[in-house]
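Examination of the molecular architecture
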Amino acid sequence: MSNNMHTEVKQLIIDTLELEDIEVNEIVDSEPLFVEGLGLDSIDALELGIAIQKKYGIKMDAETQDTREYFASVNALVNFIEQSRH
Amino acid sequence: MSYPESGITFCIKDWAACAPGLTCQQDWQEWSAGKKAPSVDQSFDVKQVPPMLRRRLGTLGKAVAYTLCQIAWDAHIPSVFCSRHGAIQQTYKLLSDLADEKPLSPAHFSLSVHNAIAGMLSIARKDVSSITALSAGTDGLWQMLLEAYGQLEQPGVEEVLCVIYDEPLPELYTRYVNDTPFTHALSFVLSKQKDKGQAVTLKSVDLHHASSARDKDTPPALQFIRFLSTDTLNQIVSTGHSNQWMLSKTE
């Protein structure tokens, strides 16, 4: 279940951010998404926030420090989505 | 602005144009002669643009990047970018989402300015030279040439990069304006020195003279490409509403 969720989130990242040259299995669950690792930027964070809102109905607050942590890695993002849905 | 009575002469040092299926000067010679048409394949190979920047360029941005890769990727000179409608397909998508009260894409919104393509490519090219982004209705080509002339008159400026590009309008708008048959981009380097390529003279002409030779059906940028790629075509005239301009090849 959780594994499927990881794949789903990775696919969402690829589709939303138009990462045309990157495959699901190239994104490592625990690696940073921003700056190092995948190398995403602040506009990507906003874009991803909207995609998560659309797909899972979860609204993220751009102002809180927690949001930063939710975007730390695929693992963190999956945890956040699963917790927010319950 | 005053200009010499005899016109303004400068040199087109190098040029590159691209459209789907038309990617080199040979292709454009054949297009000009009516022997080749644009294809449906919209992809342009722009590997020189780093992947994380490349994904933010739409078809139009990639067409522009393609022409810059050919002639001016490492040229750090002032540039004039000109487009009548800009990335209109992207603009239309944003406006549609607004009308439907859907959240806007932050990435697309951040690039919804007229100088977005020029800006992104300046990052990719690591070029900090000045950039001007113009939109001047049907007079774009001519206003771009005048702007480039103005910049060439600045002390220390020997060359100016000119880039003109447009893409077809979304269907909703075509009943009002339908002036771009296919996505196209043209880049060329204008030089003050008369011996650096094809010398051309830009002149203001009277309306009667101009009207006989006007081609209202072809976008000015495509007319200009035809002018550059056809040896026997020695002049083009403006089709816009303001001053009438003529560009001629000079010996």
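Residues numbered from 1 in each chain as written. Chains lettered and ligands numbered in written order. Predicted model: local features only at pLDDT ≥ 70, side-chain atom pairs only at ≥ 80, totals over all residues. Heavy atoms only, no water.

**Quick notes on the overall build of chain B**
Within chain B one finds 9 helices and 8 strands. Relative to a compact globule of 251 residues, whose C-alpha radius of gyration would be 18 Å, chain B shows 18 Å and is just as compact. Structurally, chain B occupies a C-alpha span of about 55 × 40 × 40 Å along its principal axes. Classification of the 251 residues of chain B by burial places 51% in the buried group. Sequence-distant contacts in chain B: of pairs separated by 6 or more residues, those separated by 24 or more amount to 71%. Taken as a whole, chain B presents about 12,000 Å² of accessible surface, with 51% of it coming from carbon and sulfur. Positive and negative side-chain charges of chain B, numbering 22 and 26 respectively, have mean locations separated by a distance of 4 Å. (Helix = DSSP H or I, 4+ residues; strand = E, 2+ residues; numbered from the N terminus. Rg over C-alpha atoms; globule rule 2.2 N^0.38 Å. Buried < 20%, exposed > 50% of the residue type's maximum accessible area, 1.4 Å probe, protein only. Contact = heavy atoms within 4.5 Å. Areas by Shrake-Rupley, 256 points an atom, 1.4 Å probe, with all protein chains shown as cover. Lys, Arg positive; Asp, Glu negative; His and termini not counted. Charge placed at Lys NZ, Arg CZ, Asp CG, Glu CD.)

**Observations regarding the interface of chain A and chain B**
Counting residues at the interface gives 15 residues for chain A and 13 residues for chain B. A combined buried area of about 1,100 Å² lies between chain A and chain B, and 50% of that area is made up of carbon and sulfur atoms. Scanning the region where chain A abuts chain B turns up 3 salt bridges. Its salt-bridge partner being Asp-44 of chain A, residue Arg-56 of chain B comes within 2.7 Å of it at the nearest N-O pair. Inspection of the chain A/chain B interface yields 6 residue pairs in polar contact (both at pLDDT 80 or more). Across the side of chain A that touches chain B, the residue classes break down as 7 nonpolar, 1 polar and 7 charged. (Buried area = accessible area lost by both parts, 1.4 Å probe. Salt bridge = Lys/Arg side-chain N within 4 Å of Asp/Glu carboxyl O. Polar contact = N/O pair within 3.5 Å; in protein donor to acceptor, adjacent residues only side chain to side chain. Nonpolar A, V, L, I, M, F, W, Y, C, P; charged D, E, K, R; others polar.)

**Describing helix α2 (residues 42–56) of chain A**
Residues and elements named next belong to chain A. Between the first and last C-alpha of α2 there are 21 Å, a value that for 15 residues agrees with the 21 Å anticipated at 1.5 Å per step. Those residues of α2 not exposed but buried are Asp-44, Glu-47, Leu-48, Gly-49, Ile-50, Ala-51, Ile-52 and Tyr-56. Here α2 starts with a cap whose side-chain oxygen sits 3.2 Å from the backbone nitrogen of Ile-43, and that cap is Asp-41. (Expected span 1.5 Å × (residues − 1).)

**A few points about the sheet that holds strand β3 (residues 131–134) of chain B**
All names here are of chain B. Here we have 8 strands laid out as an open sheet, ordered β3-β2-β4-β5-β1-β6-β8-β7, and mixed in their pairing. Edge positions in the sheet fall to β3 and β7 (235–237), since each of these pairs with one other strand and no more. The mean inter-strand angle of the sheet, taken between neighbouring strand axes irrespective of direction, is 25°. Taken together, the 8 bridges between strand β4 (residues 159–166) and strand β5 (residues 184–191) define a ladder with antiparallel strand orientation. Bridge assignment links Asp-166 to a residue of β5, and that residue is His-184. Against the sheet, helix α3 (residues 59–71) makes contact with β1 (8–18), β2 (79–82), β4 and β5, and its axis sits at roughly 35° relative to β5, the strand it touches most. (Pairing = 2+ DSSP bridges. Axes fitted to C-alpha atoms, helices over the stretch in contact; angles between N-to-C directions.)

Keep in mind these values describe shape, not function.
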